[in-house]
Amino acid sequence: MKYNKINGQHFLNMVTNASIRLENEKAYVDSLNVFPVPDGDTGTNMSMTFTAAVQEIKNSKSTSIGEVSKIMAKGALMGARGNSGVILSQIFRGIAKGLEGKDEVNPYEFALSILEGSKSAYRAVMRPTEGTILTVIREVGEKATEYHTDDIADLMKKVVEDAGDTLERTPDLLPQLKAANVVDSGGMGLLVILKGMYEALQGGFQMAEKKEEKSFEEYVAARDTHTEITFGYCTEFIVLAEPDTGEFQAYLETMGDSIVYVGFDDIVKVHIHTDEPGLVLAEAGKRGELTKIKIENMREQHRNLQETPDVHEVLEEKIKKEAAPKAREKYAFISVSMGEGIKEVFQDLGVQFVISGGQTMNPSTQDIIKAVEEANAEHIIILPNNKNIIMAANQAKEISGKDVYVIPTKTIPQGVAALTAFNPELDMEANYENLLTSLETVKSGSVTYAVRDTEIEGKEIKQGDYLGLLESKIKVVRRELYPLVEELIELMVDDESSSITLFYGEDVNEEEFNELITLLEEKYEDLDVMSVAGRQPLYYFIIAVE
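## Some details on the pattern of salt bridges
Reasoning step 1: In this structure the tally under the stated criterion is 24 salt bridges.
Reasoning step 2: Of the charged contacts in the structure, one is a salt bridge between lysine 97 and glutamate 116, with a shortest N-O distance of 3.9 Å. Pair noted here: lysine 97 is in helix H4 (residues 82-99) and glutamate 116 is in helix H5 (residues 107-124), with a separation of 19 residues, a long-range link.
Reasoning step 3: Lysine 443 serves as the salt-bridge partner of aspartate 494, at 2.8 Å between the closest nitrogen and oxygen. Separated by 51 residues along the polypeptide, aspartate 494 in the loop between helix H18 (481-492) and strand S17 (499-504) and lysine 443 in strand S12 (residues 443-449) bring together distant segments of the chain.
Reasoning step 4: A residue is classified by how much of its surface remains accessible, and lysine 443, at 28% relative accessible area, is partly exposed.
Reasoning step 5: The structure contains a network of salt bridges with shared partners spanning Arg21, Glu25 and Glu199.

This is how it looks when you write it as structure tokens:
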């Protein structure tokens, strides 16, 4: 079907179809990340961002493409997640600027708006990197304005072809991509969107069907390298204030990388990878009220977004609270865990608030603050149980006006050890020292699997290998699960060890596991060998040796 011009309703249908396509393919886009872990983030973040944008206009009856695109652009900014999501929001902000004041546009005018989207994205990123989504949108915009046609469907067909060609060249522009044998994930997400927009025109605005999403593992291709990240914490927030004249941007330059600073009317959206999110937020707070705060490790952003009904939230709040206390208590514990069995262990040990989260689903600062606010106690103790959650826990402590203590537990075994060391008869100062000391009394191991080929610290790893980690470092790599567990435990046990506890995950065969327990009891007859049905995902075993 030929379209000499498109209006606001045409545009709405184009981006709606693109949103469905991206939702269907987000796991594939996630799989293009270069890290060998069973999770991903780029496709998920772009899908959340784009869905938030489309939600803002889905009920619009306006036929003005300028009006519809402007509303969508602000929705994208407010709902932007991750670096890729913020850049995507800026692409559509630029497109909206190019369409401003227009009721309908011809192919050349629409091509100019795509070019404007490219310029907007580059302006938002302080240190643009070629071989990314930026390169894709720039080359698409430049070529679109040089293409002569009187049909917008024909224009979009050319746009999709050019985007695909540029995407194929991204590994030649970015060494990390070539080493990992992938194309840029953000560029792929943009290509999916552009295809969705074109298909809407081509099919007479017949919307794509929502499909059952394939798993991350089904998409992961073998790769052969591992790339390090300089700054570990992805930090995002909105400042409710007008953009400044550059002072804050200059400050951000000193605090990290992957910086995006975007002003829109009376709000400023900031994204940065930094090791000091608390300092960045404190500096931002001097300029205006903060909202939409998110701090998480960019390697381990959560993927299970189908459980989240509100696209403006990163995670659905799953704080499980026992019966509200009738009177103010002396102590209250807040713990983070993943797996129903592990949650039950913490509750049995006296934890009043259990936040669902962990290795692939880091709770936000706001999740932890909510639990702190609900706790009716003189002293509140937080057990993060993951190194990537400690920062958010400390941020919650700083924001809260209550007496909050963060015990920097990095593993589930450390969390359990801290709880067993707690004495409700002691004062907070004595308990705090005891809990910190308890962290040194336990060794923590875990067993998971590799999602791609790589080499780390001289160890060659193939996709599907079992990985044995000791205190977060890969120590054992094998193709057989139970021999690996035995070898890992051998590394953990020493002359001072008195007990071995295995929390087994949801994918473990209980009959085979019971055989392992029998073997361990015979091998370590002087130690207590215990097992707990942790029912945690992704990790076959979490092991504690005390």
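Continuing now.
## Let's talk about helix H9 (residues 185-202)
Reasoning step 1: If you check H9, its first and last C-alpha atoms are 25 Å apart, about what 18 residues at 1.5 Å a residue would give, namely 26 Å.
Reasoning step 2: Looking one or two residues past H9, glycine 204 carries a phi angle of roughly 65°, positive in sign.

## As for the packing of helix H1 (residues 8-30) against helix H2 (residues 42-57)
Reasoning step 1: Running from amino to carboxyl end, H1 crosses H2 at an angle of 160°, the nearest separation of the two axes being 8 Å. Judged on the interaxial angle alone, H2 and H1 are roughly antiparallel. For the pair H1 and H2, the sense of crossing is left-handed. Here Leu12, Val15, Thr16, Ala18, Ser19, Leu22, Glu23, Lys26, Val29 and Asp30 of H1 lie close against H2, whose contacting residues are Thr42, Gly43, Thr44, Met46, Ser47, Phe50, Thr51, Val54 and Ile57.
Reasoning step 2: Its residues placed into classes, the contact of H1 with H2 shows nine nonpolar, seven polar and three charged.

## Topic: the pairing of strand S18 (residues 528-533)
Consecutive side chains of a regular strand alternate in pointing toward one face of the sheet and then the other.
Reasoning step 1: Two strands pair when backbone bridges link them, and S17 and S18 are joined in this way by six bridges, in the parallel orientation. Bridge pairing links leucine 502 to serine 531 in S18.
Reasoning step 2: In the classification by handedness, the crossover that spans S17, the intervening helix H19 (residues 510-523) and the parallel S18 is right-handed.

## Thoughts on the nonpolar core
Reasoning step 1: Membership of the largest hydrophobic core comes to 69 residues, with the highest contact counts inside it found for Phe50, Phe92, Phe110, Met156 and Met197.
Reasoning step 2: Counting residues per element, this core draws most heavily on H9, which supplies ten residues.
Reasoning step 3: Among residues more than four places away in sequence, those in contact with methionine 156 are Met14, Phe110, Leu194, Met197, Tyr198 and Leu201.
Reasoning step 4: Formed by 31 residues, the second largest nonpolar core is a distinct cluster that contains Tyr449, Tyr482, Leu488 and Phe513.

## Remarks on H5
Reasoning step 1: A rise of 1.5 Å per residue sets the reference length of H5, with its 18 residues, at 26 Å; its end C-alpha atoms lie 26 Å apart and thus fit the reference within 8%.
Reasoning step 2: Of the residues that open H5, the one with a side-chain oxygen 3.1 Å from the backbone nitrogen of tyrosine 108 is asparagine 106.

## So, the pairing of strand S9 (residues 353-356)
Reasoning step 1: Burial along S9 is two-sided: the residues Phe353 and Ile355 and Val354 and Ser356 are all buried.
Reasoning step 2: The pairing of strand S8 (residues 329-337) with S9 spans four bridges and is parallel. Counterpart to serine 337 in the pairing with S9 is serine 356.
Reasoning step 3: As for the winding sense of the linkage, the β-α-β connection from S8 through helix H13 (residues 340-348) to S9 is right-handed.

About the cut-offs
Residues numbered from 1 in each chain as written. Predicted model: local features only at pLDDT ≥ 70, side-chain atom pairs only at ≥ 80, totals over all residues. Heavy atoms only, no water. Salt bridge = Lys/Arg side-chain N within 4 Å of Asp/Glu carboxyl O. Helix = DSSP H or I, 4+ residues; strand = E, 2+ residues; numbered from the N terminus. Buried < 20%, exposed > 50% of the residue type's maximum accessible area, 1.4 Å probe, protein only. Expected span 1.5 Å × (residues − 1). Axes fitted to C-alpha atoms, helices over the stretch in contact; angles between N-to-C directions. Parallel < 35°, antiparallel > 145°, perpendicular 65-115°, else oblique. Left-handed = near helix turned anticlockwise from the far one by under 90°. Contact = heavy atoms within 4.5 Å. Nonpolar A, V, L, I, M, F, W, Y, C, P; charged D, E, K, R; others polar. Pairing = 2+ DSSP bridges. Right-handed = clockwise from strand over helix to strand, strands pointing away. Core = buried A, V, L, I, M, F, W, Y, C linked by side-chain atoms within 4.5 Å. Polar contact = N/O pair within 3.5 Å; in protein donor to acceptor, adjacent residues only side chain to side chain.

Spatial relationships are all this shows, so hold off on functional conclusions.
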